[in-house]
Amino acid sequence: MRGAGRSNHTRGDPDRTVCMTNCPTLIVTVGLPARGKTYISKKLTRYLNWIGVPTKEFNVGQYRRECVKIYKSFEFFRPDNEEGLKIRKECASAALNDVRQYLTEEGGQVAVFDATNTTRERRETINRFAEQNGFKVFFVESVCEDPDVIAENIVQVKLGSPDYTHCNTEQAVEDFMKRIKCYENSYQPLDEVLDRDLSFIKIIDVGRRYLVNRVQDHIQSRIVYYLMNIHITPRSIYLCRHGESDLNVKGRIGGDSGLTFRGKEFAHYLGQFIHAQGISDLKVWTSQMKRTIQTAEALGVPYEQWKALNEIDAGVCEELMYEEIQQRYPLEFALRDQDKYRYRYPKGESYEDLVQRLEPVIMELERQENVLVICHQAVMRCLLAYFLDKSAEELPYLKCPLHTVLKLTPVAYGCKVESIYLNVDAVNTHRERPENVNVHRSAADALQTVPAHL
Amino acid sequence: DIIQTSRPQFTNSPTMIVMVGLPARGKTYISRKLTRYLNWIGVQTQGECILYIFIYLYRDYSKEPKDCIYTGTCTNNLSSFKLWYVTHNVVFDATNTTRERRGVIISFAKEKGYKVFFIESICDDPEIIEANIMEVKLSSPDYEDCDKEEALDDFVKRIECYKTNYVSLDEEKDRHLSYIKIFNVGSRYLVNRVQDHIQSRIVYYLMNIHVTPRSIYLSRHGESELNLLGRIGGDSGLSTQGKKYASALAEFIRNQAIKDLKVWTSHMKRTIQTAEALGVAYEQWKALNEIDAGMCEEMTYEKIQENYPEEFAMRDQDKYRYRYPKGESYEDLVHRLEPVIMELERQENVLVICHQAVMRCLLAYFLDKSADELPYLKCPLHTVLKLTPVAYGCKVESFYLNIKAVNTHRERPANVDVTRGPEEALRTVPDHF
């Protein structure tokens, strides 16, 4: 993880960037159309970026769409369509070129090459490319013959694709099925014997079974672990903060105080809300701090406490008001505004540290189905950033107001967000980045964006 | 009905792990290692959670009953797992195939409400098998009076007998079972139907361990300024003696002539300063930071007794679970060290420069120490522990680098009652300035 957990410190080298792997990694998807390759590519890219590994996905289909402005029909993909083959090959090359640039010149560590890559020949080309450039290759193949899964896939992501804007549903489905047929005859799945020297994971039937071959290093091991924990069963994740706390009202950060009267009211309405949602098997998670536990108590259902969900540790600034921090530690206060993601409170934590300690929570959230997570402002920002693919710059400023539940429902390649304010007043605890972040700024400038409090 | 655990629940129903494979495929090695790992991460069992690990060999009709070995691991009082051996006299009908035998196990599990997870180890590399046999089998009582060559020969013949009736887990026929097949010590894995979190963790663990020979060196930072003053925690630099140790450590490492040694430190000054003296690249892990003593940071034990006598007593009562106010417990420490352990499993030769409580946790993992023993393991300053995996365990060599240092080890005092007097509380405090 970048800086937080580990940093590669070579003698005399002040650079603190992490090297999870010694050379860049090229992840290559393999599989027929509508097998979830793009879904996996995007999700994996999001996860790796969140844990601090610069990753980018390269979707060859995108390149094709840019090259062939208007998609006519499946005929383009026929194996005997010379013109089509030529264009597709060029698009793959263009994408690989961009991959090379990203990994060697733009500081990328992982590139996800998202295409069907269904023939051994094509994969050999990619292997050679990687070898020439000193990249490690890891194949991710998705194999699925369940017609229901494929049909659902087509409905969720293909129908809305730019390729089919001019078609009705029936036409689109028919064309797409024919498209799949074009690949079927020449499809050479990764083979235990023939491909035994390659590093790969074969995902069968959306995760029922996995074949994992020759995991080379740490990053590949993490990728495998992640891929083995995700699923596509429909579900929702509810994120909210604890009810308003005594320290919230006083404008003090951190600490371990209990709920105010309004906070308790929120907890009560939260219980009603959850009940009304009628969710089967809802898991409820809290941190180990009073305010989240008190909130959960009001729900009257079993809940689990995670230490990892505790609020960011503000170290020497614990329980101080922003005014006091400005008074006692003006330099620290400015440094934090300069780089809120990486800044670590003296004897405390940074957002970057928080992401690292939340990783097991994310992993378990991926495994679970319906979950309500009652947590804290900084923690909720980190979790939200993961689900909504927010950058390290945006993350510390995501709006997570008290008494508001965010309902996240995975859909297509992303996440639908519904924000439900439970109509119980609360203080605002969101401090925007002030204009002046210079260490010599005045107190007034520093405190310009502090929200009102008692 | 509120579940208030200090860590999330891993499973709601007990899991029975069944090891499958021919002899000399590493079943015992894997099951012991897995047991050790699960114990260490505290796969706590609530209520009736029991974990059984059966080493399942099917039986050759012509052999003696003692060849049928079932190794079960079960919990005792919700605390930890113990490996116990039970020899069964089982008579097989000649028509009994191993799939039927597995059926029996599955019915048994169903009856008890257990989930079943199979771990199969398959190996067709004769070199690996031979190495395995030499290391663990030939030291068994069966071969005490035998010549090594003959013994190897005999064992290989034994395996042949099992082969004829051995039926591996089948992708088609066993597609409803939850299992992982490990091929050739980890070059390939087949994972089927992982049901829950604990199985997912087991799979992840199994996919990260290896048998390549290597050594792990554990050491604390050199003596620090705060060590000298008898103060706990903090982030001080090395004392004069501490700096001497760092140099001595550098020489020791050079003399060991270790291939591709990785060096890891925490984010704290004292470990970093120690590593600096080695003159090699090193990685800093925040997870390796010393246990956070919260409100007691930088205090002497005398001060803790003065300011928080009750806390001090409670800590002595249950040092593993006790959490410093606004700080951590050993239990928390184990939790945050888990990724370090996982990465140590993946790596080969590593030197970890860390801290007293951290080193105790790591050592407890490698030497299979219980939660009660862990907080009292002796990890003196200026001493390197070299751990080398061998057979089913770990060989430990202790190297004191002959640089004097204070003693920082406080034994559990006789009186841990909250009403005890200061003298009794401070009886076991080591000397300091």
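Fair warning: this is a prediction, and the values are worked out from it, not measured in the lab. (Residues numbered from 1 in each chain as written. Chains lettered and ligands numbered in written order. Predicted model: local features only at pLDDT ≥ 70, side-chain atom pairs only at ≥ 80, totals over all residues. Heavy atoms only, no water.)

1. Brief notes about the overall build of chain A
For step 1, the next point in the chain: The secondary structure content of chain A amounts to 15 helices and 13 strands.
For step 2, the next point in the chain: Its C-alpha atoms give chain A a radius of gyration of 25 Å, near enough to 22 Å, the size a compact globule of 454 residues would have.
For step 3, the next point in the chain: Considering chain A as a whole, with its 454 residues, one finds that 57% of them fall into the buried category.
For step 4, the next point in the chain: Across chain A, every contact between residues at least 6 apart in sequence was considered, and the portion connecting residues at least 24 apart equals 70%.
For step 5, the next point in the chain: Split by element, the accessible area of chain A, about 19,600 Å² in all, is 50% carbon and sulfur.
For step 6, the next point in the chain: If the 60 positive side-chain charges of chain A are averaged to one point and the 63 negative ones to another, these points end up 1 Å apart. (Helix = DSSP H or I, 4+ residues; strand = E, 2+ residues; numbered from the N terminus. Rg over C-alpha atoms; globule rule 2.2 N^0.38 Å. Buried < 20%, exposed > 50% of the residue type's maximum accessible area, 1.4 Å probe, protein only. Contact = heavy atoms within 4.5 Å. Areas by Shrake-Rupley, 256 points an atom, 1.4 Å probe, with all protein chains shown as cover. Lys, Arg positive; Asp, Glu negative; His and termini not counted. Charge placed at Lys NZ, Arg CZ, Asp CG, Glu CD.)

2. Observations regarding the confidence of the model for chain B
A low pLDDT score tells you not to read the predicted coordinates there in detail.
For step 1, the next point in the chain: Confidence in the prediction for chain B averages 82 pLDDT; 81% of positions are at 70 or higher.
For step 2, the next point in the chain: For the stretch residues 56–97 of chain B, pLDDT sits under 50, and the model shows 104 contacts to residues farther than four places along the chain or on other chains. (pLDDT = per-residue confidence, 0-100.)

3. Some thoughts on the sheet that holds strand β8 (residues 237–241) of chain A
All names here are of chain A.
For step 1, the next point in the chain: Spatial strand order, β10-β9-β11-β8-β12-β13: six strands in an open sheet with mixed pairing. The sheet is open, and its two edges are formed by β10 (304–305) and β13 (414–421), each paired on a single side.
For step 2, the next point in the chain: Of the strand pairs in this sheet, strand β12 (residues 404–411) and β13 are connected by eight bridges, and their pairing is antiparallel. Among the inter-strand pairings, K407 is bridged to a residue of β13, identified as E418.
For step 3, the next point in the chain: The strands touched by helix α13 (residues 351–367) are β8, β9 (283–286) and β11 (371–375); relative to β9, the strand with the most contacts, the crossing angle is about 175 degrees. (Pairing = 2+ DSSP bridges. Axes fitted to C-alpha atoms, helices over the stretch in contact; angles between N-to-C directions.)

4. Some remarks on the packing of aromatic side chains
For step 1, the next point in the chain: Going through the model one piece at a time under the given rule, you end up with 23 aromatic pairs over all chains.
For step 2, the next point in the chain: Where W40 of chain B meets Y365 of chain B, the ring centres are 5.3 Å apart and the plane angle is 65 degrees; that geometry is what we call edge-to-face. One end of the pair, W40 of chain B, is in helix α1 (residues 27–40); the other, Y365 of chain B, is in helix α12 (residues 356–367), with 325 residues separating them in the sequence.
For step 3, the next point in the chain: Exposure remark for W40 of chain B: the relative accessible area of 5% places this residue in the buried category.
For step 4, the next point in the chain: An aromatic cluster is built from Y71, F76, F77, Y164, F176 and Y183 of chain A, whose rings are joined through pairwise contacts.
For step 5, the next point in the chain: R431 of chain A extends its terminal NZ or CZ atom over the ring of Y322 of chain A, reaching a point 5.4 Å from the ring centre.
For step 6, the next point in the chain: Over the ring of Y365 of chain B we find R36 of chain B, and its NZ or CZ is 4.8 Å from the ring centre. (Phe/Tyr/Trp six-rings, centres within 6.5 Å; stacked < 30°, edge-to-face > 60°. Lys NZ or Arg CZ within 6 Å of the ring centre and 35° of its normal.)

5. Structural notes on the UniProt feature "binding site: substrate" (unreviewed entry) in chain B
Residue and element names in this part refer to chain B.
For step 1, the next point in the chain: The positions that UniProt labels "binding site: substrate" (unreviewed entry) are, in the present scheme, R220, H221, G222, E223, S224, E225, L226, N227 and R270. The largest pairwise C-alpha distance within this set of annotated residues, which runs over 51 residues, is 14.1 Å, so the set is compact in three dimensions.
For step 2, the next point in the chain: Relative to the helices and strands, G222 is located in the loop between β8 (216–220) and α6 (225–228).
For step 3, the next point in the chain: On the basis of relative accessibility, which here comes to 0%, the residue G222 falls in the buried class.
For step 4, the next point in the chain: In this structure G222 touches N227, L238, G242, Y245, R270, T274, L381 and H382, once residues within four positions along its chain are discounted.
For step 5, the next point in the chain: Mapped onto the elements, L226 comes out in helix α6.
For step 6, the next point in the chain: If we skip the residues at most four places from it in the chain, L226 touches R231, G233, G234, D235, S236 and E298. (UniProt positions renumbered as here; feature names shortened; annotations may be inferred.)

6. Comments concerning the domain arrangement of chain A
All names here are of chain A.
For step 1, the next point in the chain: What the domain assignment lists for chain A is domain 1 (25–228) and domain 2 (237–447).
For step 2, the next point in the chain: A separation of 36 Å is found between the C-alpha centroids of domain 1 and domain 2.
For step 3, the next point in the chain: In this complex, domain 1 contributes 15 residues to the contact, which on the side of domain 2 involves 16 residues.
For step 4, the next point in the chain: Summed over both sides, the interface between domain 1 and domain 2 buries roughly 1,500 Å², with carbon and sulfur atoms accounting for 63% of that surface.
For step 5, the next point in the chain: Contact with domain 2 buries area across many residues of domain 1, yet R46, W50 and V157 alone supply 48% of it, more than any other trio.
For step 6, the next point in the chain: Scanning the region where domain 1 abuts domain 2 turns up two salt bridges.
For step 7, the next point in the chain: Notably, a salt bridge pairs R222 with E359, separated by 3.2 Å at the nearest N-O pair.
For step 8, the next point in the chain: Counting every contact that joins domain 1 to domain 2 gives seven residue pairs in polar contact (both at pLDDT 80 or more). (Domains from an automatic or database assignment. Buried area = accessible area lost by both parts, 1.4 Å probe. Salt bridge = Lys/Arg side-chain N within 4 Å of Asp/Glu carboxyl O. Polar contact = N/O pair within 3.5 Å; in protein donor to acceptor, adjacent residues only side chain to side chain.)

7. Remarks on unusual backbone geometry
For step 1, the next point in the chain: In the Ramachandran plot, A34 of chain A falls in the positive-phi region, its phi being about 65 degrees despite a non-glycine side chain.
For step 2, the next point in the chain: On the basis of relative accessibility, which here comes to 6%, the residue A34 of chain A falls in the buried class.
For step 3, the next point in the chain: Positive phi values are uncommon outside glycine, yet D260 of chain B reaches one of about 50 degrees.
For step 4, the next point in the chain: Within the element layout of this structure, D260 of chain B appears in the loop between α7 (240–256) and β9 (262–265).
For step 5, the next point in the chain: Since its relative accessible area comes to 63%, D260 of chain B is described here as exposed.

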